[in-house]
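Report on the structure
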Amino acid sequence: MNRLQGRKLVLGVTGGVAAYKAAELVRLLGKAGADVHVVLTEGGARFVTAVTFQALSGNPVWTDLWDPRMDNNMAHIDLVRGADAVLIAPATADCLARLAQGRADDLLSTLCLARDVPLLVAPAMNRQMWEHPATQRNVACLAGDGVTIVGPAAGEQACGETGMGRMLEPEELFEAVIAFFVPKRLAGRKVVMTAGPTYEAIDPVRAITNTSSGKMGYAIAAACARAGAEVVLVSGPVALPVPAGVKRVDVRSALDMRAAVFDALPGADVFVGVAAVADYRPMLAAEHKIKKSGEQMSITLTPNPDILAEVAALSDAPFCVGFAAESRDLDAYAEGKRANKKLPMLVGNLVADGLGGDDNTVVLYDDAGRHPLPRAAKADLAAQIVDHMAGLLPPVGGR
Ligand code: C5P
């Protein structure tokens, strides 16, 4: 379920130094299967040449309203015809002003006026230009016209100043474009979830843990956020960036994870347990590093609480989704786990290739039966899992 596959996008590039980031954005969009058509303004072409965008998009680049390459001389109409969206990145202060006024004196402004598809703009300018009341007026006017404003961010600027006005990074814009196309099926919902391994200390430098990478959990968190949910992700130690729009709470042990989950739980509509929580922890963690003696030694383990089962047993439990990674008899174990923990939905996967890969094969289990999903990248599976879950939720406020 790649949301960008086959989408036709028109990317406007106006005259700001951030235009160099647009080149990387074109590459990311193209790699995800989008058909990108770049429109360069005169100012944009001063920063990056048409050749760069043509090579990266595989499509001709357009700059001129009177371009004779278009049979009917109507580039402004033909480019947006059949497009799924127009994105302008970077959008300069002048570009925002001209869009707000409805000007139509170059190709980009004219096609924006002639479009009946969504418009996203990623402002990029010096912080004083961004803060100027005129720019703020224009931005408010565009937002009122239904334009989606993406960014800007605060930070170091090309002019040497620091402040608001820096264009979002290409990866952030890419994420914003994907999120834009995801139906907001979880709008108004709060999702609390766990991901990653837990780390059960033996002494200050050693622990019992597992090889969970957190990738599946983080992909689910990202998919929930894209679907419009407020997401709190309680995460064991992993080396992954926080997905856009997700609040991450870092924990190490199962006990810390349990405490953080119960802290975040009030008001939650959904709880998703993706974490590979250690079943046991050392009864006592040594205060100092244990020295070797050459003798046999044993560590006494005590069971950890089952966070998911505890949440599902609450009298006002949110909609609970569990995960089961099994090395055999997936159906039997998964259905058993769903029944024992009283879960309306469970995601099962056979861990033939171990944890931590980028792809996965999963089967969804719910009251209606089993629903196998074809093997896919974890990000794509996450979107399908979240879609399935959204379809099972009671109406907002109806719990
Ligand atoms: O019983 P099992 O550990 O296989 O169950 C897996 C599911 O239960 C996962 O959703 C996992 O996140 C959750 N779980 C939990 N706390 C535990 C053990 C598992 O929340 N202590």
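Rules used in this analysis
- Residues numbered from 1 in each chain as written.
- Predicted model: local features only at pLDDT ≥ 70, side-chain atom pairs only at ≥ 80, totals over all residues.
- Heavy atoms only, no water.
- Helix = DSSP H or I, 4+ residues; strand = E, 2+ residues; numbered from the N terminus.
- Buried < 20%, exposed > 50% of the residue type's maximum accessible area, 1.4 Å probe, protein only.
- Core = buried A, V, L, I, M, F, W, Y, C linked by side-chain atoms within 4.5 Å.
- Contact = heavy atoms within 4.5 Å.
- Domains from an automatic or database assignment.
- Arc of directions from axis to C-beta.
- Near = heavy atom within 4 Å.
- Polar contact = N/O pair within 3.5 Å; in protein donor to acceptor, adjacent residues only side chain to side chain.
- Areas by Shrake-Rupley, 256 points an atom, 1.4 Å probe, with all protein chains shown as cover.

**Quick look at the side chain of Thr135**
Looking at where Thr135 falls in the secondary structure, it is placed in helix α8 (residues 133-144). With a relative accessible area of 8%, Thr135 lands in the buried category.

**Looking at the nonpolar core**
Residues Leu11, Phe53, Leu186, Ile220, Val272 and Ile385 are the most contacted members of the largest nonpolar core, which totals 72 residues. Not counting chain neighbours up to four residues away, the residues in contact with Leu11 comprise Ala22, Leu25, Val26, Val36, His37, Val38, Val39, Leu87 and Ala89. Counting residues in hydrophobic clusters, the runner-up holds 29 residues, among them Leu79, Ile88, Leu111 and Val147.

**Some points on the domain arrangement of the protein chain**
Parsing the protein chain into structural domains produces domain 1 (8-181) and domain 2 (190-392). Relative to domain 2, the C-alpha centre of domain 1 lies at a distance of 40 Å.

**So, helix α13 (residues 330-340)**
For α13, every residue scored as buried is listed here: Leu330, Ala334 and Arg338. Down the axis of α13, the smallest arc covering the buried residues is 50°, so these residues share one side. Exposed positions of α13 whose direction lies more than 90 degrees from the buried face are Ala332, Ala339 and Asn340. Each element contacted by the buried residues of α13 is listed here: β16 (319-326), β17 (345-350) and β19 (362-366).

**Things to note about the site of the ligand**
Taken together, Gly273, Val274, Ala275, Val277, Pro305, Asp306, Ile307, Leu308, Gly322, Phe323, Lys337 and Lys341 make up the full set of residues near the ligand. A distance of 2.4 Å separates an oxygen atom of the ligand from a polar atom in the backbone of Gly273. Leu308 places a polar main-chain atom, nitrogen or oxygen, 2.9 Å from an oxygen atom of the ligand. Coverage of the ligand by the protein chains reaches 85% of its 450 Å² of free accessible surface.

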